[in-house]
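Summary of structural features
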Amino acid sequence: MVIIEDISESEEYLTKNKLLRDGAHIVGAALKSGAQEAEAFLLKGKDTYFDIERDRISHVSSGNYYGIGVRVIKDGKIGFGYTTSPDRGQTVIDHAIRLSRISKPTRIELPDGKGLGGPVPDVFDTTSLELEFQDMRDMAETVVSSAKGYRKDIIVSNGGFGMGVEYVALVNSNGLEVADARTTISTSAYCVSKAHGISTGFDFAISTCMADIRPEIVGESAARLCAFGERSRKLRKRVTDVL
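Everything numeric here is computed off the predicted structure, so don't read it as measured data. (Residues numbered from 1 in each chain as written. Predicted model: local features only at pLDDT ≥ 70, side-chain atom pairs only at ≥ 80, totals over all residues. Heavy atoms only, no water.)

Things to note about the overall build of the protein
Of regular secondary structure, the protein possesses five helices and six strands. The C-alpha atoms of the protein give 25 Å as radius of gyration, which overshoots the globular expectation for 243 residues (18 Å, by more than 25%). Taken along its principal axes, the extent of the C-alpha atoms in the protein is 70 × 55 × 35 Å. Going through the 243 residues of the protein one by one, you find that 39% of them count as buried. A sequence separation of at least 24 residues applies to 65% of the contacts in the protein between residues at least 6 apart. For the protein, the exposed area adds up to about 14,700 Å²; of that, 53% sits on carbon and sulfur atoms. Distance from the positive charge centre (31 side chains) to the negative charge centre (34 side chains) of the protein: 11 Å. (Helix = DSSP H or I, 4+ residues; strand = E, 2+ residues; numbered from the N terminus. Rg over C-alpha atoms; globule rule 2.2 N^0.38 Å. Buried < 20%, exposed > 50% of the residue type's maximum accessible area, 1.4 Å probe, protein only. Contact = heavy atoms within 4.5 Å. Areas by Shrake-Rupley, 256 points an atom, 1.4 Å probe, with all protein chains shown as cover. Lys, Arg positive; Asp, Glu negative; His and termini not counted. Charge placed at Lys NZ, Arg CZ, Asp CG, Glu CD.)

Right under this line is the structure:
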């Protein structure tokens, strides 16, 4: 089995290799259970998000998720199984094999991974993993303060700041073994003004790189769009020909 080489025991290195080992174990168990070909897709992630409502942080959500998907080919028929529990691999294998019995015959073969390129560049930012709870709170508060800095009477009705990381691995019985990781950082602001009727403005940013995310720009931009909308004019209703 191919193990990712890395001299440092970073979270990325440890998690990706653990998923590869688990995937190889599941594929081996599927073959022992009667599958002619088998494939395991594993996913592990976590995310944290600070929600904004009416100019303040209303609540924080944070969680972890995990998934195992299994695909088997037995007697020329395909079966699938999925679970969110890391200790139910054999249960998923048994389900996939049972499902294959009622599937239609196919000529599909699992890929062998030959000619597979390297990891997708610039989708994993280690600096985002260094963000502490307070750092993310500060980012969310910056969204509000930048909007208020543009004009105090504008309300940040909702928005927020969040960060997540996701690890994936794909292993099959034909020699395919690959793992990758991705970070996602996002921020948004939805502003409302009641100075001249109701006007709204929205902006957001999302990226795999922390350097691309500027909460102060997003908050100010949303407030500016909101203020610009105050100068809009009502259109008279009328029926007319378009073409």
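Topic: the sheet that holds strand β3 (residues 77–83)
Reading across the sheet, the six strands line up as β3-β2-β1-β4-β5-β6 and stay open at both edges, with antiparallel pairing between neighbours. Among the strands making up the open sheet, the edge pair consists of β3 and β6 (199–207). The sheet shows a mean angle of 15 degrees between the axes of neighbouring strands, direction not considered. When strand β2 (residues 56–74) meets β3, the two strands line up antiparallel, connected through seven bridges. Pairing of I68 across the sheet is with T83, part of β3. The strands that helix α2 (residues 89–100) touches are β2 and β3; relative to β3, the one it contacts most, it runs at about 150 degrees. The sheet strands contacting helix α5 (residues 215–229) are β4 (155–172), β5 (177–193) and β6, and the helix crosses β6 at an angle near 155 degrees. (Pairing = 2+ DSSP bridges. Axes fitted to C-alpha atoms, helices over the stretch in contact; angles between N-to-C directions.)

What about the state of the cysteines?
Per the stated rule, a full pass over the model turns up zero disulfides. You can see C191 has no disulfide; the closest cysteine sulfur is in C226, sitting 5.9 Å from it. (Disulfide = S-S within 2.5 Å.)

Considering the environment of G81
Along the chain, the position of G81 falls in strand β3. The exposure class of G81 is buried, given its relative accessible area of 11%. For G81 and L99, which are 18 residues apart along the polypeptide, the C-alpha to C-alpha distance reads 8.4 Å. In this structure, G81 is in contact with I68, G69, V70, V92, H95 and A96, ignoring residues within four places of it in sequence.

What to know about the pattern of salt bridges
According to the stated counting rule, one finds eleven salt bridges in the structure shown. E11 is paired through a salt bridge with K46; the nearest N and O atoms lie 3.5 Å apart. You can see E11 sitting in helix α1 (residues 11–32) and its partner K46 sitting in strand β1 (residues 37–53), a full 35 residues away along the chain. What makes K46 partly exposed here is its relative accessible area of 36%. (Salt bridge = Lys/Arg side-chain N within 4 Å of Asp/Glu carboxyl O.)

Digging into the packing of aromatic side chains
Under the definition given, this model contains three aromatic pairs. Aromatic pair F124 and Y167: ring centres 6.3 Å apart, planes at 50 degrees, arrangement tilted. Linking F124 in the loop between α2 and α3 (126–129) with Y167 in strand β4, this pair joins segments that are 43 residues apart in sequence. When its relative accessible area of 3% is taken as the criterion, Y167 is described as buried. (Phe/Tyr/Trp six-rings, centres within 6.5 Å; stacked < 30°, edge-to-face > 60°.)

Points about the confidence of the model for the protein
Reading fine detail from the predicted coordinates is not recommended where pLDDT is low. Of all residues in the protein, 96% have pLDDT values of 70 or greater, and the mean over the chain is 91. Note that pLDDT drops below 50 for residues 1–8; the model gives that stretch 16 contacts with residues more than four away or on any other chain. (pLDDT = per-residue confidence, 0-100.)

Remarks on the environment of G118
Considering the arrangement of structural elements, one finds G118 in the loop between α2 and α3. Judged by relative accessible area, which is 63%, G118 ranks as exposed. Sequence separation between G118 and D47 is 71 residues; the distance between their C-alpha atoms is 26 Å.

A short note on a nonpolar patch on the surface
Among the surface-exposed residues, F80, L99 and I102 lie close enough to one another that they form a single nonpolar patch of about 300 Å² accessible area. F80 sits in the partly exposed class, given a relative accessible area of 46%. (Patch = residues over 30% accessible without salt bridge, like charges linked within 9 Å, V, L, I, M, F, W, Y side chains within 5 Å.)

Thoughts on the pairing of β1
Looking along a regular strand, one sees the side chains alternate between the two faces of the sheet. Two strands pair when backbone bridges link them, and β1 and β2 are joined in this way by 17 bridges, in the antiparallel orientation. Opposite L43, over in β2, you have G67 as the bridge partner. The turn linking β1 back onto β2 is made up of two residues, and R54 within it adopts a positive phi angle of 50 degrees. Bridge analysis of β1 against β4 gives 15 bridges, and the strand direction is antiparallel. Directly across from A40, in β4, lies its bridge partner V171.

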